[in-house]
Amino acid sequence: MSKLIVVTGAAGFIGRNIVAELNSRGVTDILLVDTLGTDEKWRNLVGLRYEEIASPAEFLRQIENNRTGDIDAILHMGACSSTTERDADLLLENNYHYTRTLCEWSLRKNVRFIYASSAATYGDGGLGYNDADEVTPLLRPLNMYGYSKHIFDLWALKHGHLKSIAGLKYFNVYGPHEDHKGDMRSVVNKSYGQILREGKVQLFKSYKQEYADGEQMRDFLYVKDAVAVTLHFLNHRSVNGLFNCGTGEARTWKALATAVFTAMGREPKIEFIPMPESLRSQYQYFSEASVTKLRAAGYTAPFRDLEDGVWDYVQSYLSGQVQNYLSKQSGQ
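A brief look at the structure comes next. (Residues numbered from 1 in each chain as written. Predicted model: local features only at pLDDT ≥ 70, side-chain atom pairs only at ≥ 80, totals over all residues. Heavy atoms only, no water.)

1. Things to note about the overall build of the protein chain
Looking only at helices and strands, the protein chain features 11 helices and 13 strands. Relative to the 2.2 N^0.38 estimate, which gives 20 Å for 332 residues, the radius of gyration of the protein chain is 19 Å and therefore close to what a compact globule would have. Expressed as lengths along the three principal axes of its C-alpha atoms, the size of the protein chain is roughly 55 × 45 × 40 Å. Residue burial in the protein chain is summarised as follows: out of 332 residues, 51% are buried. (Helix = DSSP H or I, 4+ residues; strand = E, 2+ residues; numbered from the N terminus. Rg over C-alpha atoms; globule rule 2.2 N^0.38 Å. Buried < 20%, exposed > 50% of the residue type's maximum accessible area, 1.4 Å probe, protein only.)

Written out as structure tokens, the structure reads:
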């Protein structure tokens, strides 16, 4: 057996797609780390080839007791990823302390360490979306999720570890195998189900004069591109630092919804609804990754544009899930 590649959050969205891509490249000596719980997340593991699976707590015990076996790399995608989670202690434990423990162990053992940060660390975007190290300490996240990711970035920067590890600030990722994420699913995923059931898409109204309804903008990243960027850093181990993982091109929510209608062969029908009060103070009206640093790190592949990514997602995955979306509405 070759050295193991560890993927945390392996039954989750990005993690699952990373494992599938590793499999397609002939890699099966993989240790999956995740909590499966009582929902349907386990279904994401069906069809994957791997060596072993462990819970996050069990993997931590293996590290603490030196029982991990021969590990080549840790791709740490596991986290509490809800941007509306209110339990700050839970977020600190999962997104900061656990990440720090894995990082420190990896550095001691000379194991490649790649971790998921988040575009949520940028807060309201007032300082732009520049991943330069001198900008990182100035950022002010708007929610505890973003802060829990940010403090690990700050710790790694302070102690010089970003010279030896790679962190990725994923922007608005969408694509196959996000179904288990509930309200944290992408708007592409949610829109597909809403169009099937109601023939329309509902988007939040704008509460800033400079943005018309539906013209709020995000950097939407297809998960296949997110995986490609992640594995670039697995294959280029001398390239380290904290990098944006986005397309570098912001698009509107209206364009996204229209792309879903087009991929489904339907005419757009979009309604604008009030944004919940609880979200208005922490809502990003614009995000767009600066990809200069990523390109300088040697990642040269083009990113899929929004229309191509949505088309592929709908045609290759969502169209095979029609009954699931219809049954969700009927309570089955």
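2. Remarks on the nonpolar core
Membership of the largest hydrophobic core comes to 37 residues, with the highest contact counts inside it found for Val-7, Ile-18, Tyr-170 and Phe-233. Only β1 (4-8), α1 (13-24), β2 (30-33), β4 (71-76), β5 (112-118), β6 (166-170), α6 (223-235) and β11 (241-245) provide two or more residues apiece to this core. Per element, the largest residue contribution to this core is 7 residues, and it comes from α6. With near-sequence residues (within four places) excluded, Val-7 lies in contact with Gly-15, Ile-18, Val-19, Leu-22, Ile-30, Leu-31, Leu-32, Val-33 and Leu-75. The next biggest cluster of nonpolar side chains, apart from the first, holds 27 residues, and it includes Val-201, Leu-203, Tyr-285 and Val-314. (Core = buried A, V, L, I, M, F, W, Y, C linked by side-chain atoms within 4.5 Å. Contact = heavy atoms within 4.5 Å.)

3. A few points about the packing of helix α7 (residues 253-263) against helix α10 (residues 306-316)
Between α7 and α10, whose axes approach to 9 Å, the crossing angle comes to 45°. By the angle between their directions, the pair α7 and α10 is classed as oblique. Viewed along their axes, α7 and α10 form a crossing whose handedness is right-handed. On the side of α7, the interface is formed by Ala-255, Leu-256, Ala-259, Val-260, Thr-262 and Ala-263, while α10 contributes Leu-306, Glu-307, Val-310, Trp-311, Val-314 and Gln-315. When the residues that make up the contact of α7 with α10 are grouped by side-chain class, the tally is 9 nonpolar, 2 polar and 1 charged. (Axes fitted to C-alpha atoms, helices over the stretch in contact; angles between N-to-C directions. Parallel < 35°, antiparallel > 145°, perpendicular 65-115°, else oblique. Left-handed = near helix turned anticlockwise from the far one by under 90°. Nonpolar A, V, L, I, M, F, W, Y, C, P; charged D, E, K, R; others polar.)

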